[in-house]
Amino acid sequence: MFGLRSLRMKERLAIGFGASLVLFTLLLVIDLQMDLGVANRHLMPSHARVRYVNDEDKNGVFRDFKRKFLQKSNSSGSKEASTTITSHGRSAADSSGSGQRNPTEPPEHDNFDDLMSLVAESRRNSEARSNTGTDQSNESEENPTLGDMMDIRPSKNASYLERFQLGISKHELYRESDPIVDGVVNDMLHLPIQHVFQKDGGTQIKLVIEFPNDVKALFKPMRFPREQQTLPNHFYFTDFERHNAEIAAFHVDRLLGFRRTMPVTGRLLNITTEIYQVADDDLLKTFFVSPSSNLCFHGKCSYYCDTAHAICGNPDTLEGSFAAFLPSYEQAHRKVWRHPWRRSYHKRRKAQWETDADYCAMIRDIPPYDEGRRLLDLMDMSVFDFLIGNMDRHHYETFKVFGNDTFTLHLDHGRGFGRPYHDELSILAPVLQCCLIRTTTLQSLLKFHNGPKHLSDLLRESMQSDPLNPILWEPHLNALDRRVKIILQAIRECVKKNPGDEVAIGEDDIS
Ligand SMILES: Nc1ncnc2c1ncn2[C@@H]1O[C@H](COP(=O)(O)OP(=O)(O)OP(=O)(O)O)[C@@H](O)[C@H]1O
Ligand SMILES: [Mn+2]
């Protein structure tokens, strides 16, 4: 009797153990699936939560700077919930990063002379190297274009876009002050729209707009007014995309001298004649008339493509961003790279860079980050994303034909410019952890900071010609100037931590 009972007990234990093993495996599988987030974005939990506070990285530069910065400032997140527009936007936002100064005292301007001398020194060194012929980076290195590589010349009646695409070079998308950018933008603004369909891939709705002569643009529609901030309970990957963020990001990238973002312009559309009447069948099926008699559509995608999140004319007009189309894959294959500082896209798991103090040291040893310009390009990307507040940089792309020592494309900035009163320091993690920045980028930042024109002034000027101007809500422009200073402070900390031979700035390898 006892033996039988104990046998049952054993069986029960075995069954219980077996069941928990199955349950555990199941949980692991679900966990793993969620971590595939980016490749399979539909699997990503909409309520996922990612913390970036790094408990183990007690000595990491990232954590150190974050702690120091937060101690000095009285948090820049205090106004996040407010969407009130005040005429004092500039001074209100400026005060958020400047510590506990007496409000009557004029703030003292820090020129960052230490960093200025660092840039000057780096310049002198590279000049000396090129004079003595010991320069590692070949200054006179060729900068072939896609046209050169494929041996294609623009046809006689080639559009601006075709010329632009063939002129994309190993170092950049377009040259400084290249008039072709205006040509491409003008075409997207004025050419008649012939055909519209939804672009597949990605999580939110995007349309491919076709103009005559094979000219194409990638369209993202406006959803909210400029003052709408990222909803407090939305993560970076559930945040709505903003058409104006795409426009502003193009201008910021150009002002930084990167030229790695395709030209983007705003355009006001007539939803009836310029979308509905030229839409393909699949898109057409998602059109409807709202109770206010406005024409609406929602398309098909994994996030916000339903009746409750439809895009509607007002009453017939619709704002959107038009990004010049990249060359087709057949023309120029692009290589997609997983970003080493990609967020976990998982509610419980942290990314390795969030917990590993030596993360950058590891990345530095892995190709293509172990040589050439790639790691410096990632530092630029981090600076750029921090400025625009973009946390959604999971992958990046390069043109295959140029090999590894080519620029990284800056694509997809629809989730930038969402929180003007918050500075997301974790976006700067690559720069803070590697203690590295390209000389020319540091120089640009110092110029923005010391003036006479600040980044916000230059950006306001640059975006003035856009038909949808003003593109940004004023607090976002103030945030840019505040963030420039934060980056400079961060670099200063790095330099202090790495005195002597460990120079914190990287040689510029672009001629
Ligand atoms: N200007 C462009 N021309 C052609 N293709 C583009 C352009 N910009 C982006 N793409 C392609 O379209 C894809 C999706 O674009 P984008 O990343 O902007 O959309 P998304 O919905 O935000 O995507 P995800 O959800 O994956 O972040 C990109 O992976 C890129 O390859
Ligand atoms: Mn995206």
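Throughout, residues of each chain are indexed from 1 in the direction in which the sequence is written. Following the order in which they are written, the chains are lettered starting with A and the ligands numbered starting with 1. Local features in this predicted model are restricted to residues whose pLDDT is 70 or higher, and side-chain atom pairs enter the listing and the counts only when it is 80 or higher, whereas totals over whole chains, interfaces and linings include all residues. Values reported for side chains reflect all heavy atoms of the structure, with hydrogen atoms and water molecules removed beforehand.

Heads up, the condition is: UniProt positions are given in the numbering used here, feature names are shortened, and annotations may be inferred rather than shown by experiment.
You'll find the protein entered in an unreviewed UniProt entry as FAM20 C-terminal domain-containing protein, with Hermetia illucens given as the organism. If you open the UniProt record of the protein and go to Sequence similarities (unreviewed entry), you find "Belongs to the FAM20 family." Looking at the Cofactor (unreviewed entry) heading of the UniProt record, one finds this comment for the protein: "Mn(2+)".

## Section: the overall build of the protein
Formally: A run of DSSP states H or I qualifies as a helix once it reaches four residues; a run of E qualifies as a strand once it reaches two. Both are numbered from the N-terminal end. When accessible area is computed with a 1.4 Å probe and restricted to protein chains, residues below 20% of their type maximum are described as buried, those above 50% as exposed, and intermediate ones as partly exposed. Contacts are assigned to residue pairs that have any heavy atoms within 4.5 Å of one another. Accessible surface area values rest on a Shrake-Rupley calculation with a 1.4 Å probe, where residue burial reflects the displayed protein chains alone.
Looking only at helices and strands, the protein features 17 helices and twelve strands. The burial tally for the protein puts 50% of its 511 residues in the buried class. Relative to all contacts within the protein whose residues are 6 or more apart in sequence, the contacts with residues 24 or more apart total 74%. Accessible surface for the protein amounts to roughly 24,900 Å². Of this, 53% is attributable to carbon and sulfur atoms.

## Some words on the pairing of strand β4 (residues 264–270)
Operational definition: For two strands to be treated as a pair, DSSP must find at least two bridges joining them.
Counting buried positions along β4 gives five out of seven residues, so the element sits mostly inside the fold. Where β4 lies against strand β8 (residues 317–324), seven bridges are found, and the strand directions are antiparallel. Each residue of the ladder has a partner; that of T265, found in β8, is F322.

## Some thoughts on the pattern of salt bridges
Selection criterion: Throughout this description, the term salt bridge denotes a Lys or Arg side-chain nitrogen within 4 Å of a carboxyl oxygen of Asp or Glu.
All chains considered together, the criterion is met by 25 salt bridges. Residues R492 and D110 are paired through a salt bridge, measuring 2.8 Å at the closest nitrogen-oxygen approach. One end of the pair, R492, is in helix α17 (residues 474–497); the other, D110, is in the loop between α3 (89–94) and α4 (113–132), with 382 residues separating them in the sequence. The exposure class assigned to D110 is partly exposed, which follows from its relative accessible area of 28%. Among the salt bridges present, the one from E461 reaches K453, with a minimum N-O distance of 2.9 Å. The class for E461 is partly exposed, based on a relative accessible area of 42%. On the basis of relative accessible area, K453 is assigned to the partly exposed category, the value being 40%.

## Quick word on the packing of aromatic side chains
The test is simple: Any Phe, Tyr or Trp ring, taking Trp's six-membered ring, that has another such ring centre within 6.5 Å forms a pair; planes under 30 degrees apart are called stacked, those over 60 apart edge-to-face, and the others tilted. Only lysine NZ and arginine CZ atoms are considered, and such an atom sits over a ring when it is within 6 Å of the ring centre and within 35 degrees of the ring normal.
This structure, assessed with the given rule, holds 17 aromatic pairs. With centroids separated by 5.3 Å and ring planes inclined at 75°, the aromatic side chains of F219 and F322 adopt a geometry described as edge-to-face. Within this pair, whereas F219 is found in strand β3 (residues 216–221), its partner F322 is found in strand β8, the two being separated by 103 residues in sequence. The pair formed by F219 and F322 is uniform in burial state, with each residue classed as buried. A connected cluster of aromatic rings, assembled from ring pairs, spans F224, F240, Y303 and Y304. For the cation-ring pair, R343 lies above Y236, with the distance from its terminal atom to the ring centre recorded as 5.5 Å.

## Quick notes on the nonpolar core
Stated formally: To define a nonpolar core, start from buried Ala, Val, Leu, Ile, Met, Phe, Trp, Tyr and Cys residues and group those joined through side-chain atoms within 4.5 Å. All the domain ranges listed were derived from an automatic or database domain assignment.
Counting 111 residues, the largest nonpolar core has I275, F297, W341, F399 and L445 as its most contacted members. When residues in this core are grouped by element, the largest group, ten residues, is from helix α13 (residues 374–388). Residues from two domains meet in this core; each of domain 1 (147–324) and domain 2 (333–506) gives at least three.

## Here's the deal with the domain arrangement of the protein
Size of an interface, as often reported, equals the accessible area lost when the parts are brought together. The line we're drawing: Summed over both partners, the accessible surface that disappears when two parts come together, traced with a 1.4 Å probe, is what is meant by buried area. Polar contact is defined as a pair of N or O atoms within 3.5 Å, subject to the rule that within protein one atom must be able to donate a hydrogen and the other to accept it, and that residues adjacent in sequence are counted only when both atoms are side-chain atoms.
Parsing the protein into structural domains produces domain 1 (147–324) and domain 2 (333–506). The gap between the C-alpha centroids of domain 1 and domain 2 is 24 Å. On the domain 2 side, the residues contacting the 44 residues of domain 1 number 48 residues. Here domain 1 and domain 2 share an interface that buries about 3,900 Å² over both sides, 64% of which is from carbon and sulfur atoms. Summed over the shared surface of domain 1 and domain 2, the result is three salt bridges. One salt bridge connects K220 with D412, and the closest N-O pair in it is separated by 3.2 Å. For the pair domain 1 and domain 2, the interface holds 24 residue pairs in polar contact (both at pLDDT 80 or more). Where the side of domain 1 that touches domain 2 is concerned, the elements lending two or more residues are α8 (243–255), β4 and β8.

## Comments concerning α4
Threshold: The span expected for a helix works out to 1.5 Å for each residue beyond the first. In this description, the arc belongs to the directions extending from the helix axis to the C-beta atoms.
In a regular helix each residue adds 1.5 Å, so 20 residues correspond to 28 Å; α4 covers 28 Å between its end C-alpha atoms and thus fits that length. Within α4 the residues assigned to the buried category are L115, L118, V119, S122 and S126. Relative to the axis of α4, the buried residues are bounded by an arc of 100° and lie together on one face. More than 90 degrees from the buried face of α4, the exposed residues found are R124, N131 and T132.

## Section: the environment of R163
Inspection of the secondary structure puts R163 in helix α6 (residues 160–166). Under the relative-accessibility criterion, R163 is labelled partly exposed at 34%. The residues touching R163, leaving out its near neighbours within four places in the chain, are P154, S155, K156, A158 and I180.

## Let's talk about the pairing of strand β10 (residues 395–399)
Where burial is concerned, most of β10 is hidden: four out of the five residues are buried. Note: strand β9 (residues 334–338) against β10, five bridges, orientation antiparallel. Bridging across to β10, W337 finds its partner in Y396.

## Side note on the sheet that holds strand β6 (residues 295–297)
Backbone hydrogen bonds hold the strands of a sheet together, and the pairing may be parallel or antiparallel. If you walk across this open sheet you meet the three strands as β5-β6-β7, and the pairing is antiparallel. The open sheet is flanked by β5 (287–289) and β7 (311–312), the only strands paired with a single partner. Bridge analysis of β5 against β6 gives three bridges, and the strand direction is antiparallel. Its bridge partner lying in β6, F288 is registered against C296.

## A closer look at the sheet that holds strand β1 (residues 195–198)
Heads up, the condition is: Axis angles are defined between N-to-C directions and span 0 to 180 degrees, where every axis is a line fitted to C-alpha atoms and, for a helix, only to the segment in contact.
Pairing is antiparallel across the open sheet formed by five strands, whose spatial order is β1-β2-β3-β8-β4. The sheet is open, and its two edges are formed by β1 and β4, each paired on a single side. In this sheet, adjacent strand axes meet at a mean angle of 35° when their direction is disregarded. Running at roughly 10° to β4, helix α7 (residues 180–190) makes contact with β3, β4 and β8 of the sheet. Where α8 meets the sheet, it contacts β3, β4 and β8, and its direction lies at approximately 150° from that of β4.

## Focus: the state of the cysteines
Filter applied, for reference: Disulfides are defined in this document as cysteine sulfur pairs within 2.5 Å.
Going through the model one piece at a time under the given rule, you end up with three disulfides. With its sulfur 2.1 Å from that of its partner, C296 forms a disulfide with C312. Looking along the S-S bond of the C296-C312 disulfide, the torsion reads about 105°, which is the right-handed sense. Pair noted here: C296 is in strand β6 and C312 is in strand β7, with a separation of 16 residues, a long-range link. On the accessibility criterion, C296 (0% relative accessible area) is buried. With a relative accessible area of 30%, C312 lands in the partly exposed category. Covalent S-S linkage joins C360 and C434, the inter-sulfur distance amounting to 2.0 Å. Since a negative S-S torsion denotes a left-handed disulfide, the C360-C434 link at about 110° is right-handed. Here C360, found in helix α12 (residues 359–364), pairs with C434, found in helix α14 (residues 429–434); they are 74 residues apart in sequence, far enough to count as distant.

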